[in-house]
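# A look at the structure
The lines below spell out each chain.
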Amino acid sequence: VALAFAMYSLYLFVVFQVLTPDTQYILMVYNPLVLCTTRGAQIFENYNNKQTGAQSIATTGMNLAGSAVRIATTIKEVGWDFHILRAYGTSVFFNVILCTQIMMYMKNTE
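Residues numbered from 1 in each chain as written. Predicted model: local features only at pLDDT ≥ 70, side-chain atom pairs only at ≥ 80, totals over all residues. Heavy atoms only, no water.

### Concerning the side chain of N95
For N95, the location among the structural elements is in helix 4 (residues 82-104). Judged by its relative accessible area of 1%, N95 is buried. The contacts of N95, once residues within four sequence positions are left out, are R39, T60, N63, L64 and S67. (Helix = DSSP H or I, 4+ residues; strand = E, 2+ residues; numbered from the N terminus. Buried < 20%, exposed > 50% of the residue type's maximum accessible area, 1.4 Å probe, protein only. Contact = heavy atoms within 4.5 Å.)

Here's what the structure looks like:
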């Protein structure tokens, strides 16, 4: 718990004290990389195991719907901001794959 608190405190310090408003976009640039690493690992693990374990179609579906709505909201409210739309588009892409895997491996997961 102490390590997690220390890392979070360091993150907050860097975001609010080190990064200037001109360089805060760096956080949005690296977001798809984090998504590729985390969701990609889950997709790969599901594929290797031919099952999805405790993953819920409801939760994954809501993540998919939320990401899709965020794309529309971003276009309406912010405009065509590439970094934001790329992050949400990446999320939609991986959530579609995860939803597909849950449906494909449903019988193996029971």
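### Here we look at the confidence of the model for the protein
Model confidence for the protein is summarised by a mean pLDDT of 92, while 100% of its residues fall at 70 or above. Confidence, expressed as mean pLDDT per element, reaches its minimum in the protein at helix 5 (residues 106-109) with 88 and its maximum at helix 3 (residues 57-77) with 96. (pLDDT = per-residue confidence, 0-100.)

### Comments concerning helix 4
Counting along an α-helix, one turn takes 3.6 residues, and residues three or four places apart therefore face a common direction. With 23 residues, helix 4 should cover 33 Å at 1.5 Å per step; its first-to-last C-alpha distance of 32 Å lies within 8% of that length. Where helix 4 is concerned, the buried positions are I84, L85, A87, T90, S91, V92, F94, N95, L98, C99, Q101 and I102. Contact partners of the buried residues in helix 4: helix 2 (25-49), helix 3 and helix 5. Its side-chain oxygen placed 3.2 Å from the backbone nitrogen of H83, D81 serves as the N-cap of helix 4. (Expected span 1.5 Å × (residues − 1). Polar contact = N/O pair within 3.5 Å; in protein donor to acceptor, adjacent residues only side chain to side chain.)

### Some remarks on the environment of F13
Tracing the sequence through the fold places F13 in helix 1 (residues 2-18). The sequence separation of F13 and K50 amounts to 37 residues, and the corresponding C-alpha distance is 42 Å.

### Re the packing of helix 2 against helix 4
Where helix 2 meets helix 4, the closest approach of the two axes is 9 Å, and the angle between their N-to-C directions is 10 degrees. On the basis of the axis angle, helix 2 is roughly parallel to helix 4. In this structure, helix 2 uses Y25, M28, V29, N31, P32, L35, C36, R39, Q42, I43, N46 and Y47 to contact helix 4, whose residues at the interface are H83, I84, R86, A87, T90, S91, F94, N95, I97, L98 and Q101. Partitioning the contact of helix 2 with helix 4 into residue classes produces 13 nonpolar, 8 polar and 2 charged. (Axes fitted to C-alpha atoms, helices over the stretch in contact; angles between N-to-C directions. Parallel < 35°, antiparallel > 145°, perpendicular 65-115°, else oblique. Nonpolar A, V, L, I, M, F, W, Y, C, P; charged D, E, K, R; others polar.)

### Quick notes on the packing of aromatic side chains
Each pair of aromatic rings is reported with the distance of its centres and the angle of its planes. What the rule picks out here adds up to 2 aromatic pairs. Aromatic side chains Y8 and Y11 sit 6.4 Å apart centroid to centroid with 25 degrees between the ring planes, which places their arrangement in the stacked category. Taken as a pair, Y8 and Y11 lie in helix 1 at a separation of 3 residues, close to a single helical turn. For Y11, a relative accessible area of 43% translates into the label partly exposed. For the ring pair F93 and F94, a centre distance of 5.3 Å and an interplane angle of 70 degrees mean the geometry is edge-to-face. Judged by relative accessible area, F94 falls into the buried class, the value being 10%. In this structure, K50 packs its charged tip against the face of Y47, placed 3.6 Å from the ring centre. (Phe/Tyr/Trp six-rings, centres within 6.5 Å; stacked < 30°, edge-to-face > 60°. Lys NZ or Arg CZ within 6 Å of the ring centre and 35° of its normal.)

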